[in-house]
Structure formats: C-alpha cells, structure tokens
Amino acid sequence: MTRAYGKLILLGEHAVVYGKPAIAVPLGAVYVDVDAEANTAGSGITVSAPNWAQPNLPLAEISNMPAITKPIELALRHLDIETSPDVNLHIRSTIPIASGFGSGAALASALIQSMIDFLGQSISKDALNHLVYEVEKIHHGTPSGIDNSVIVYEQPIYFVRDQILQPFSVGRDFHLLVAHVGHATPTYETVSDVRKLYEAKPERIGLILDHIGQIVEDARALLERGEHNGLGAMMNQNHEWLRQLTVSDESLDHLCQVARENGAWGAKLSGGGRGGNLIALISPEQIGQCESALRDAGATQVLHTTIKAQPPTD
Ligand code: PMV
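Note that this is a predicted model, so its numbers are computed, not measured.

Engineer: Can you help me understand helix 3 (residues 125-140) in this one?
Structural biologist: Since one α-helical turn is 3.6 residues long, residues separated by three or four positions face the same way. Between its first and last C-alpha atoms helix 3 spans 22 Å; for 16 residues at 1.5 Å apiece the expected length is 22 Å, and the two agree. For helix 3, the set of buried residues is Leu 128, Asn 129, Leu 131, Val 132, Val 135 and Glu 136. The buried residues of helix 3 occupy an angular sector of 165° when projected down its axis, which confines them to one face. The inward-facing, buried residues of helix 3 abut helix 1 (66-78), helix 2 (103-118) and helix 4 (146-153).

Engineer: How should the nonpolar core be read in this particular structure?
Structural biologist: Inside soluble globular proteins, nonpolar side chains tend to come together where they are buried. Among the nonpolar cores identified, the biggest contains 60 residues, and Leu 10, Phe 174 and Leu 176 are the most heavily contacted of them. In terms of residues, this core owes the most to one element, helix 2, which gives 9 residues. If we skip the residues at most four places from it in the chain, Leu 176 touches Leu 8, Leu 10, Val 25, Met 235, Ala 280, Leu 281, Ile 282, Leu 303, His 304, Thr 305 and Ile 307.

Engineer: For this particular structure, what's the right way to read the sheet that holds strand 9 (residues 266-270)?
Structural biologist: Strand pairs in the sheet, formed through backbone hydrogen bonds, run parallel or antiparallel to each other. Taken in spatial order, the 4 strands line up as 9-10-8-11 in an open sheet, and their pairing is antiparallel. Edge positions in the sheet fall to strand 9 and strand 11 (301-307), since each has one partner strand and no second. Looking at each pair of strands side by side, their axes are set apart by 25° on average, direction ignored. The pairing of strand 8 (residues 174-180) with strand 10 (residues 277-282) spans 6 bridges and is antiparallel. For Ala 179, the partnering residue across the bridge sits in strand 10 and is Leu 278. This element, helix 8 (residues 250-261), spans strand 9 and strand 10 of the sheet and lies at about 155° to strand 9.

Engineer: Whenever I open this one, the pattern of salt bridges confuses me. Can you help?
Structural biologist: For the structure on display, the rule yields 14 salt bridges. Between Asp 147 and Lys 7 there is a salt bridge whose closest N-O contact spans 3.1 Å. Here Asp 147, found in helix 4, pairs with Lys 7, found in strand 1 (residues 2-11); they are 140 residues apart in sequence, far enough to count as distant. With a shortest N-O distance of 3.2 Å, Glu 134 and Lys 137 are connected by a salt bridge. Of this pair, Glu 134 and Lys 137 both sit in helix 3, 3 residues apart, which is roughly one turn of the helix.

Engineer: Before we go on, may I ask you to explain the site of the ligand in this structure?
Structural biologist: What surrounds the ligand is the set Lys 7, Ile 9, Glu 13, His 14, Val 16, Val 17, Gly 100, Thr 187, Val 191, Gly 271 and Gly 272. Interatomic distance of 3.2 Å between a side-chain N/O atom of Lys 7 and an oxygen atom of the ligand. Contact between the ligand and Gly 272: an oxygen atom at 3.4 Å from a main-chain N or O atom of the residue. Elements that contribute at least two residues to the shell around the ligand include exactly strand 1 and helix 5 (187-200). Taken together, the residues of the shell around the ligand sort by class into 4 nonpolar, 5 polar and 2 charged.

Thresholds, definitions, all that
The numbering scheme is per chain: residues are counted from 1 as the chain's sequence reads. For this predicted model, a pLDDT threshold of at least 70 governs which residues receive local features, and a threshold of 80 or more governs which side-chain atom pairs are given and counted, while totals over whole chains, interfaces and linings are taken from all residues. Computation of side-chain values covers all heavy atoms of the structure but excludes hydrogens and water. To qualify as a helix, a DSSP run of H or I must reach at least 4 residues; to qualify as a strand, a run of E must reach at least 2; elements of each kind are numbered from the N terminus. Take the residue count of a helix, subtract one, and multiply by 1.5 Å to get its expected span. Only protein chains enter the area calculation, which uses a 1.4 Å probe; residues under 20% of their type maximum are buried, those over 50% are exposed, and those in between are partly exposed. By arc we mean the arc of the directions from the helix axis to the C-beta atoms, nothing more. In what follows, a contact means two residues having at least one pair of non-hydrogen atoms within 4.5 Å. Here, the term nonpolar core denotes a set of buried Ala, Val, Leu, Ile, Met, Phe, Trp, Tyr and Cys residues that are joined through side-chain atoms within 4.5 Å. What makes two strands pair is DSSP finding at least two bridges between them. Axis geometry follows a simple rule: fit a line to the C-alpha atoms, using only the stretch in contact for helices, then measure angles between N-to-C directions, giving values from 0 to 180 degrees. Here, a salt bridge means any side-chain nitrogen of Lys or Arg that lies within 4 Å of a carboxyl oxygen of Asp or Glu. If a single non-hydrogen atom of a residue is within 4 Å of a molecule or strand, that residue counts as near it. Polar contact criterion, stated in full: a pair of N or O atoms within 3.5 Å, where within protein one must be able to donate a hydrogen and the other to accept it, and residues adjacent in sequence count only if both atoms are side-chain atoms. Amino acids are sorted into nonpolar (Ala, Val, Leu, Ile, Met, Phe, Trp, Tyr, Cys and Pro), charged (Asp, Glu, Lys and Arg) and polar (every other residue, Gly among them).

Written out as structure tokens, the structure is:
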C-alpha cells in the first residue's frame, strides 16, 4: 500500500504570489492510499475506488479523469515501459477535493509511487516530485509547485515562487488544529481581488506583502530552533495582514478568536481565504477544549495534525 498525505499552508499565502516566501507543511490527518494488486493476465491496468458503481475500470473508460490516468501514464513513461502491466490500482482518499489540502498532488504521488513499487522499480523523491508537478499543471495551469513538494518530501517546505524550494526540519514537534468554517471561495477569486487591491494601492499593499514576507522569514528561524510559542504571535500577525488584504471573513475571524480564547497560541486562515480553513497552534493538553469550542462555534470539520521534528540522522 502506498500513502500520500495532504498539505497545509502555514504562513505566507497570497504574498507568495508576489515573490514573498511561504511555508507549507504536511497534513497527516488526511491522505490518499493506493493498493496495487495483480490482475488476471491480459486485463491490463484497471482502477477501482470505493464510491464507483463498478470496480476494476479499464483506463480507456476513465479517460475523462486525467487526475488518475496522467500519473499512471507518467509512471510507465518514466520506466520506459510500453506494454501495460496487469494491475488493479485501488484508490481510497480522505482528502476533500478543492479544500486547499493538495488532493490532486497527493493522488498523483500515491498512484505513481504504487505503480513503480508494483513493477519492482524505484524512483527518487526529486524525480517523483517532477512527475507530480507535471500532473499539477493539468489542474492548475502554472502551479507554484508547493503542493507537490510538500506532499512528496513529507517535510515542511520554505518556498519562493520560481526560485527556492527548500525542505527543512522543525526543531520540535508542534500541533495544529485545522478547522473548516463551512463555506469556501475559489482561490482564484481571492487572488484576483488582492491583485485589484495591489493595482489600486501598490504602496500600501506592497508594505503589507513585505510584512508577511518578514513574518515567514522569522518564523522559519523559530521553527528550526523549536521555539513554537513565538510562532503563535506570528500567526496572529499574519492573519491580521490577510484581513487587511480583504481575504478573511467574519467566520474566519470569529473562529480564530475562539481558538485563541481556548488555549491556542495563535490562529490564522490558511490558503485562499474567505471561508475554507483556519489553523490554530496548540499545546497537546489544550487540543480537546479548543476542538470542542471550535465545533460549538460552527466549525464543520476539525482535524488535528502533528508536524514532526526529524529524528537526528547521526
Ligand atoms: O488554497 P490553497 O491552499 O491552495 O492556497 C492558495 C494559496 C495562495 O497563495 C492564495 C495562491 C497561490 O497560488 O499561492
């Protein structure tokens, strides 16, 4: 079985579109699993998923689902294999689509890795990341590359668009609650509204983007040192700048406040904004109280995830 986890933006969304750094982290609470099982000889590649009316569908019958067919094709091409193997790929996903959790990249990563494992071959993380990025292009045109990188390396990523993509390790485990406010706005809408704001007031908005960029720089240093208490204040500041970019809304502001009043060191929206998810930095002892307070205040889903420190390699 091959598993790929989701991703979350920790800090720096929106400003990252303007060349500022952002940090994204793996989201272990949601994942895609793919089981590759040998098919009877001559049946070729088939795909199954729990909610499909029919199991074992041949690739030709799902040609309208490039999110599934493209990763499989890319895996075969990577291995220079022209004759399809006889294999059924059984997909199970707990990642909601269009949630900002990287469902497309996780599906692609799990499919490619499971095909390669089934064929007894191996692939480097760099090569896998490249292939998953190719699949991301079908979903997002010119994607930033952050989703595929976090998902493939399963590590926090410090990221500057078209420039830097650095996996890094945190000095100490930390815990996040991820709460959905019950409604969402497509990311392209909020991105386009921030663009209009920037064009109308380039100096004022430019300063906000600079502030967010500085928070991300400072936060990376804290994270690497394992000083997570300071991170909470930075998340709060980042949320305040996002509010000024008009991408928060009443429910995000309210639930962030509820999280802070119930033990979170900091909270902010995560991703495109105006709905979707907020994240709260929390101590393990406060998780229960904060989670129930968020639910009572209207959160429709609350996930808990731990960002793990890497064990020392020596
Ligand atoms: O909704 P998500 O998690 O994919 O995040 C969108 C992040 C933005 O910075 C708002 C847009 C982007 O392309 O980086």
